[in-house]
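Observations on chain architecture
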Amino acid sequence: MISRLRRAYRGLRLGTRLALGLGALSLVVFAVVGTALTTSMRGYLAAQLDDQLRLAQLGQSKSIAEHGTLQGKKYYRWYYAVYDVGAAGTPALRTPEEPTDLPRDVAPLTALAGAQAAAGTELLRTADLAGGGAYRLRACEVEPGVVLVSAAPMDGLQDTVRRLVTVQVVAFGLALLALVVCGRALLRRGLKPLSDMAHTAHGIASHDLTESEARLPLRADRPGGAPEVEELRTAFNTMLEHIDDSLAVRAEAEQRLRRFVADASHELRTPLMSVRGYADLFQYAAANEPAERERHLARLRAEAARMGVLLDDLLLLARLDAAEVEAPLRMRDADLVELVGQAADAFRASHPGRALTVAPGPARLPLRLDPQRVRQVLDNLLTNAAVHTPPGTPVSVAVSVAGGRALVRVADRGPGIPAADRSRVFDRFYRVDKARSRDRGGSGLGLSVARSLAEAHGGTLALADEPDAAAFVLTLPLR
C-alpha cells in the first residue's frame, strides 16, 4: 500500500506535489495553532470557574459562620457539602437543608474535605460525579473544624471547548482546501514557463536532426516567471543556440566531406582511366615497334606518378587534419632565409624562362620548423605563380620580420585572382580557371596543403588584398 502511494506520488506533476506539500505544511501549522488556542481557552475558562467557586465560597462561608447552614440563592446544578472535622481529622458530613445540595455519590467531596483538613489550605480538584459528569471541586476552611466543599459542573466549559474545536476544524478545513486549490492554480501559473520549455524540448525531440540541413527553429521565448525562471530560459535558449550552431557546423562539414569525396573520386578517376587506356594501347601495340611501346609505357608511368602525388597530398591533408593524433612535422632549428634561397634556385632551374626576384631582407632568420614541409609550401607557392600566369610574368619573393613574426611574401604580376574566387582559393580541389587542364593546372590541392602546413607550424597563409597581382603571405612564429 505504501509503495503504491509512493508510485502515485512520483507520478504527480510538480505543481500538484508543491500544492500537496504546502497543504501538509499548513495542516501542521493549523494543528499547532488549534491545539495552542484550545489549550489556552480551556485554561482560561477553568481559571474563570475557579474564581467563580472562590467568590461563591466567600459568601457561603459567611452564611455558614452566621447561621450554621447554607442560606440564600444557590447556583443551578451546583453542589455544597459542609463537613465537621474532628480531632482525628476525619470529616463528618452535616445534613443539608435541601437534599439537592448533595450529589448521589459524595465520596469525592468527602475525600477532598479530608485532604483539605490535612493540608490546611484551599484545594482544587476535578472529579467525575456519578450521574452528573465532570465537576470542579473546591474545599476551603470556614472556621476551625468546619470545611466547605463546593462542586461546579464543567459542562459549559467542555461545550465551549468542543464548539471551539468544531469551529477550528471547519474553518481550518475550508482554509486548507482553499489554500490547496488556489495554491495549485498559482503554482500552475508560476510553472507555466517551465511547461513551455518542456513543450519546446518535446518539439526539439520530434525534430529530425539526421538531415544535413537540420536546424532548431524552436526557442523558449514566452515571457513570464521569476528571475530564476528567466535565468533558466536564457540558459535553455543559449544551449539551443549552441546546438543549432553545432548542427550548422556539422552540416557544413558533411557538405565539405561530400564535395571532397566527389572531387577526390573525380580526380582519381581521370588518371585511372588514362592508365587503363594506355594499358589497352600497350597491349594492342605489343607487337609494334619498340618506340611506340616505350611511349605508351612513359605515359603509364606519368599517370601513375600523378596519381601518386595526388594520393600523397590527400594523405598529408588527412594527417594534418588529425594533427592531435599524429603530428606530421619533424621540427628542428633551420634558417628561413636559406630555405627561401633554395626554393628560388630550384624555381629558376625548373622554369628558366621566368624572372624571379628575391628582395633584400635579413641575412639570417633562424626558426623552429620542419625544413622539408616549409620548402614544400614555398615550392607550391612558386609553382602556383608559374602555372597560373602567362609566360614572362615576373615573380618576386621577400622575407621580412614584423610584429614578432616572420613573413614570406610570394607575388606575381599576372592577371590576379577574381574577387569572386578570392574567398575559395584555399578550398580543396578548387580551381580559379575551371577550363584549365589538369596537366597544367594541377589537382587543386597545392594551396590547401600549403595553408594546412602553415597552420601546423602555428602560422598562417593568406592572400594579400592586391587587385593587380596575386600575392600570398606566409607567416611563421619566430620561436
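Read on for an overview of the structure. All residue numbers here refer to positions counted from 1 along the written sequence of the relevant chain. Where totals are concerned, whole chains, interfaces and linings use all residues; where local detail is concerned, this predicted model gives features only for residues with pLDDT of at least 70, and gives and counts side-chain atom pairs only at 80 or more. To obtain the side-chain values, all non-hydrogen atoms of the structure were used and water was disregarded.

1. Structural notes on the pairing of strand β1 (residues 79-85)
Note the following rule: Burial here depends on accessible area, computed with a 1.4 Å probe over protein chains only, as a share of the maximum for the residue type. Under 20% is buried, over 50% is exposed, and the range in between is partly exposed. In this description a helix means any DSSP run of H or I spanning at least four residues, a strand means any run of E spanning at least two, and both kinds are numbered starting from the N terminus. Two strands are counted as paired when DSSP detects at least two bridges linking them.
Most of β1 is tucked away, with 6 of its 7 residues classed as buried. Pairing analysis gives 6 bridges linking β1 to strand β5 (residues 146-153), with the strands arranged antiparallel. Each bridged residue has a counterpart across the sheet, and for Y80 the counterpart in β5 is S150. Of the strand pairs in this sheet, β1 and strand β2 (residues 91-93) are connected by 3 bridges, and their pairing is antiparallel. Bridge pairing links Y83 to L93 in β2.

2. Thoughts on the sheet that holds strand β10 (residues 405-412)
Test applied: Only the contacting stretch of a helix is used when fitting its axis, a line to C-alpha atoms as for every element, and angles between N-to-C directions run 0 to 180 degrees.
Ordered by their spatial adjacency, 5 strands build an open sheet running β7-β9-β10-β12-β11, and the pairing between neighbours is mixed. The open sheet has two edge strands with one neighbour each: β7 (356-358) and β11 (460-463). Going across the sheet, the axis of each strand differs from the next one's by a mean of 15°, ignoring polarity. For β7 and strand β9 (residues 395-402), the ladder comprises 3 bridges, and the chain directions are parallel. Residue V358 lies in a different strand from β9, and its bridge partner there is V397.

3. Regarding the pattern of salt bridges
Rules: Any Lys or Arg side-chain nitrogen found within 4 Å of a carboxyl oxygen on Asp or Glu counts as a salt bridge.
For the coordinates displayed, the defined rule picks out 7 salt bridges. A salt bridge links R364 to D335; the nearest nitrogen and oxygen atoms lie 4.0 Å apart. Residue R364 is found in the loop between β7 and β8 (366-369), and its partner D335 is found in strand β6 (residues 332-335); the two are separated by 29 residues along the sequence. Classification of R364 by relative accessible area gives exposed; the value is 56%. D335 sits in the buried class, given a relative accessible area of 11%. The shortest N-O distance in the salt bridge between R375 and D379 comes to 3.2 Å. On the criterion of helical spacing, the pair formed by R375 and D379 is a turn pair, its members being 4 residues apart in helix α9 (residues 371-387). A relative accessible area of 24% places D379 in the partly exposed class.

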